[in-house]
Amino acid sequence: QVHLVESGGGLVQAGDSLRLSCAASGRTFSSYAMGWFRQAPGKEREFVAAISGSGGSTVYADSVKGRFTIARDNAKNTVYLQMNSLKPEDTAVYYCAAGRSIATIEFGSWGQGTQVTVSS
């Protein structure tokens, strides 16, 4: 298990950028694949992006490709989500998660979430 704490959410206007951070506890951060998910009011949680432990592989949801970038700094035990060209439909609570592989991130540890609100 790894403890995750997200930060960086806020209220922005459409077209703005925001960077989310997720700090992880523990000494084995690089062994975890990390992912970002989001849940909008009244909707199911959806996958946003994921990155392998080494950072060599990334996966994105079609809805954010070309606008969002996931990255990690294993020396700082932190994963980031750079969000550019934000749209009102990006409004959601964003969660980070850690798993043994990209495919099993959902079954690992979760953070408490950070709210992102994009106004039109």
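Counting from 1, residues in each chain are numbered in the order their sequence is written. Residue-level local features of this predicted model are given only where pLDDT is at least 70; pairs of side-chain atoms are given and counted only at 80 or more, and the full residue set underlies all totals for whole chains, interfaces and linings. Only hydrogens and water are set aside when side-chain values are computed; all heavy atoms of the structure are taken into account.

**Some points on the environment of V2**
To keep things clear, this is the line we draw: Secondary structure elements are defined from DSSP: runs of H or I of at least 4 residues count as helices, runs of E of at least 2 residues count as strands, and each element is numbered from the N terminus. Residue contacts are defined here by distance: any two heavy atoms, one from each residue, within 4.5 Å place the two residues in contact.
Its place among the elements puts V2 in the segment before β1 (4–7). Separated by 33 residues in sequence, V2 and G35 place their C-alpha atoms 13 Å apart. Other than its neighbours up to four places away in sequence, V2 contacts A24, S25, Y32, A98 and S109.

**Things to note about the environment of G26**
Here is the rule: When a residue's accessible area, from a 1.4 Å probe over protein chains only, is under 20% of the maximum for its type it is buried; when over 50% it is exposed; and in between it is partly exposed.
The topology assignment puts G26 in the loop between β3 (18–24) and β4 (33–39). For G26, a relative accessible area of 46% gives the class partly exposed. Spatially, the C-alpha atom of G26 lies 8.1 Å from that of N77, the residues being 51 residues apart in sequence.

**Observations concerning the pattern of salt bridges**
To keep it simple, the criterion reads: We define a salt bridge as a contact between a side-chain nitrogen of Lys or Arg and a carboxyl oxygen of Asp or Glu at a distance within 4 Å.
Counted under the stated rule, the structure contains 5 salt bridges. In this structure, E106 engages R45 in a salt bridge whose closest nitrogen and oxygen atoms are separated by 3.7 Å. In this pair, E106 sits in the loop between β9 (92–99) and β10 (109–110) while R45 sits in the loop between β4 and β5 (46–51), placing the two residues 61 residues apart along the sequence. Its relative accessible area of 40% is what places R45 among the partly exposed residues. A salt bridge links R67 to D90; the nearest nitrogen and oxygen atoms lie 2.7 Å apart.

**Considerations on the sheet that holds strand β8 (residues 78–83)**
Applied cut-off: Note on pairing: two strands pair once DSSP finds at least 2 bridges between them. What counts as an axis is a line fitted to C-alpha atoms, over the stretch in contact for a helix, and the angles between N-to-C directions run from 0 to 180 degrees.
Judged by pairing direction, the sheet is antiparallel, and its 4 strands sit side by side in the order β1-β3-β8-β7 without closing on themselves. The open sheet has two edge strands, β1 and β7 (68–73), and neither has a second partner. The sheet shows a mean angle of 15° between the axes of neighbouring strands, taken without regard to direction. When β3 meets β8, the two strands line up antiparallel, connected through 6 bridges. Bridged to S21 within β8 is Y80.

**A few points about the pairing of β3**
Burial analysis of β3 places 5 of its 7 residues in the buried class, which makes it a mostly covered element. Note: β1 against β3, 4 bridges, orientation antiparallel. Directly across from E6, in β3, lies its bridge partner C22.

**What about the nonpolar core?**
Cut-off, in case you're wondering: For this analysis, a nonpolar core means a set of buried residues of the types Ala, Val, Leu, Ile, Met, Phe, Trp, Tyr and Cys, connected via side-chain atoms within 4.5 Å.
One finds M34, W36, L81, M83 and Y94 to be the most contacted residues of the largest nonpolar core, which totals 30 residues. Only β3, β4, β5, β7, β8, β9 and β11 (114–119) provide two or more residues apiece to this core. Beyond its immediate sequence surroundings of up to four residues, L81 is in contact with L18, R19, L20, W36, V48, A49, F68, T69, I70 and Y94. In this structure, A33, F37, A50 and I105 belong to the second largest nonpolar core, which totals 5 residues.

So, to be careful, I would describe these as geometric facts and stop short of saying anything about function.
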